[in-house]
Amino acid sequence: MKLDSAKFTPPPRYDAASNVKKPKTRNKGIITANYAAPFAAVPTGIAAGGILKFMKQVSKLSPEETTLLRRGAREGLKQSGLYDKGVRAYRMQEVSLPKLKDAIKDFPKYKDALINRIAKFNGVIEKNLESGEFDTGKFIDSMFKVFSPVKYGRKDKKALNALQTEVNANVAKRMGKMKHMPEEIQQTIKSSLESLSGLMAKMQGMMFKTGSNACYLPNANKIITPDKTLQTSIFHEMGHALNNNGGIIMKTLQKARPVAMALPGIILLASILNKRKVNDEQLPTDSKFQRLKDGIKRNAGKLTALAMLPVVAEEGIASLRGGKIAKGLFKDGKLTKEILNKVRLTNLGGFATYALSLIGAVATVKLAIKVKDNIQAKHEAKVDAKYQAKLEKYNHKMAKKAEKAAAKA
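Residues numbered from 1 in each chain as written. Predicted model: local features only at pLDDT ≥ 70, side-chain atom pairs only at ≥ 80, totals over all residues. Heavy atoms only, no water.

Caption draft 1: Molecular detail of helix H11 (residues 248-255). Within H11 the residues assigned to the buried category are Met-250, Leu-253 and Gln-254. Angularly, the buried residues of H11 cover 100° about the axis, an arc narrow enough to put them on a single face. Across H11 from its buried face, at more than 90 degrees, point the exposed residues Ile-248, Ile-249 and Lys-255. Buried residues along H11 sit in contact with helix H10 (234-244), helix H12 (257-273) and helix H14 (300-331). (Buried < 20%, exposed > 50% of the residue type's maximum accessible area, 1.4 Å probe, protein only. Helix = DSSP H or I, 4+ residues; strand = E, 2+ residues; numbered from the N terminus. Arc of directions from axis to C-beta. Contact = heavy atoms within 4.5 Å.)

Spelled out as structure tokens, the structure:
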């Protein structure tokens, strides 16, 4: 008597499921997905860079137009009521950083300058050591002065003070969240952060010095713009100031920005840490937490867009309100039609960059999930193939035993 092993079913005491246990699959592809995801935002990043370049070009004004814009901006602050609420607009003098090709071409000159800076830095170290009291804040600030390609002048003082006020306010908020810590640790952290506040302000100031950004500082209640490029974005920043100094809804939108900017990263992390794939079926035995995780992963794109929506909405409202101030000044003869058009184009460009950041964030989380699920699916298929091979081997072995038993009988 011969049995076909392919059609053989083991008796209960040779149950395959209990004797050949299916191995558990691991959570695969987390790191790869995390590194691959940012590539999805490259197209939107390039587009945003192009828009920023366009904004810089559009916002350039002649000396006469610059004077007219500054006078108009001061009048706009007063007419809108922002001046009475303490809002002021400061400028930072722009600097031109050397291009890489120029640095390579004039390498000997830059090498000599670097040697001189290192010599100065050694002098700073010696001075600190000779004094007997090592001040970390002053030491780091001196190091920044020696090595930074950006120098701050007398005309940057007000803007730099506003940045430091903003930094100090953020430090105070962080300290408020550390009340549960021992007082000694709190004091150590506080003194360390305060000693670095000047450096952090200067680091943030570099984007204004290089003409790469203009912004409204909600804690300091001040506006900062570069003195040449992007100066027409001052009305957009006035819109932010109106939002922050306005009603509850606008204030909430303004204050929700940090949370809204952090949420896409949290959604992405929650999605790639979930071993389940998007197409996996929901099981009746799943816990509420597992169902929540699966729901986040399946709707990650929509949730990311929803998280970013308050930021984009607040930016749009700021542009509209700032544009309205500029239009009123044009009607009063305080601004020319050319300047008004440049303000509108700058505002439109700024809004477009935030819309692109939303698209980029959605594309990033979707690519991360796709990469993660593909790697997970391959891993699970490999594990299943090994299991099926073991199962087949076990069934064949049991069939042989049954054959021998039947032959003896």
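Caption draft 2: Region of interest: a nonpolar patch on the surface. Nonpolar side chains collect at one region of the surface, where Phe-39, Val-42 and Ile-46 lie side by side and expose about 330 Å² of accessible area between them. Its location among the elements puts Ile-46 in helix H3 (residues 42-58). Taking the relative accessible area as the measure of exposure, Ile-46 reaches 60% and is therefore exposed. (Patch = residues over 30% accessible without salt bridge, like charges linked within 9 Å, V, L, I, M, F, W, Y side chains within 5 Å. Areas by Shrake-Rupley, 256 points an atom, 1.4 Å probe, with all protein chains shown as cover. Salt bridge = Lys/Arg side-chain N within 4 Å of Asp/Glu carboxyl O.)

Caption draft 3: Representation of the nonpolar core. In terms of nonpolar packing, the biggest core is built from 20 residues, with Leu-82, Phe-235 and Met-238 touching the most fellow members. If you list the elements that add at least two residues to this core, you get helix H4 (63-79), H10, H14 and helix H15 (337-408). Broken down by element, the residue count for this core peaks at five residues, all from H10. The residues touching Phe-235, leaving out its near neighbours within four places in the chain, are Leu-69, Ala-73, Ala-318, Gly-322, Ile-325, Ala-326, Leu-329, Leu-335 and Val-343. Residues Tyr-90, Leu-163, Val-171 and Leu-193 belong to the second largest nonpolar core, which totals 16 residues. (Core = buried A, V, L, I, M, F, W, Y, C linked by side-chain atoms within 4.5 Å.)

Caption draft 4: Representation of unusual backbone geometry in the model. Positive phi, normally seen in glycine, also occurs at Asn-221, with a value near 60°. As for its position among the elements, Asn-221 is in the loop between strand S2 (215-217) and strand S3 (222-226). A residue is classified by how much of its surface remains accessible, and Asn-221, at 12% relative accessible area, is buried. In this model, Leu-230 sits at a positive phi of 65°, which is unusual for a non-glycine residue. Structurally, Leu-230 can be placed in the loop between S3 and H10.

Caption draft 5: Representation of the packing of aromatic side chains in the model. The tally for this structure, following the rule as stated, stands at zero aromatic pairs. The ring of Tyr-83 is capped by Lys-78, whose NZ or CZ atom sits 5.7 Å from the centre of that ring. Residue placement shows Arg-88 over the ring face of Tyr-83; its charged tip is 3.6 Å from the ring centre. (Phe/Tyr/Trp six-rings, centres within 6.5 Å; stacked < 30°, edge-to-face > 60°. Lys NZ or Arg CZ within 6 Å of the ring centre and 35° of its normal.)

Caption draft 6: Representation of the sheet that holds S3. Spatial strand order, S1-S3-S2: three strands in an open sheet with mixed pairing. Each edge of the open sheet carries a strand with a single partner, namely strand S1 (88-92) and S2. For this sheet, the mean angle separating the axes of adjacent strands, direction not counted, is 25°. The pairing of S2 with S3 spans three bridges and is antiparallel. Bridging across to S3, Cys-215 finds its partner in Ile-224. Along the sheet, helix H8 (residues 157-176) contacts S1, S2 and S3; its crossing angle with S1, the most-contacted strand, is approximately 115°. (Pairing = 2+ DSSP bridges. Axes fitted to C-alpha atoms, helices over the stretch in contact; angles between N-to-C directions.)

Caption draft 7: Here's a closer look at H10. Burial of H10 is extensive: 11 of the 11 residues sit out of reach of the surface. Every buried residue of H10 is listed here: Ile-234, Phe-235, His-236, Glu-237, Met-238, Gly-239, His-240, Ala-241, Leu-242, Asn-243 and Asn-244.

Caption draft 8: How the structure looks around a positive patch on the surface. Side chains of Arg-71, Arg-74, Lys-78, Arg-91, Arg-154 and Lys-155 sit close together on the surface and give a patch of like positive charge. Ranked by residue count, the leading element in the positive patch is H4, at three residues. (Lys, Arg positive; Asp, Glu negative; His and termini not counted. Charge placed at Lys NZ, Arg CZ, Asp CG, Glu CD.)

Caption draft 9: Main features of the pairing of S3. Where burial is concerned, most of S3 is hidden: five out of the five residues are buried. What you see with S3 is no split at all: Lys-222, Ile-224 and Pro-226 on one side and Ile-223 and Thr-225 on the other are buried throughout. Judged from the five bridges that link them, S1 and S3 form a sheet pairing that is parallel. Within S3, the position partnered with Arg-88 by the bridge is Lys-222. The antiparallel pairing of S2 with S3 creates a hairpin that spans four residues between the two strands, and Asn-221 there sits at a positive phi of about 60°.

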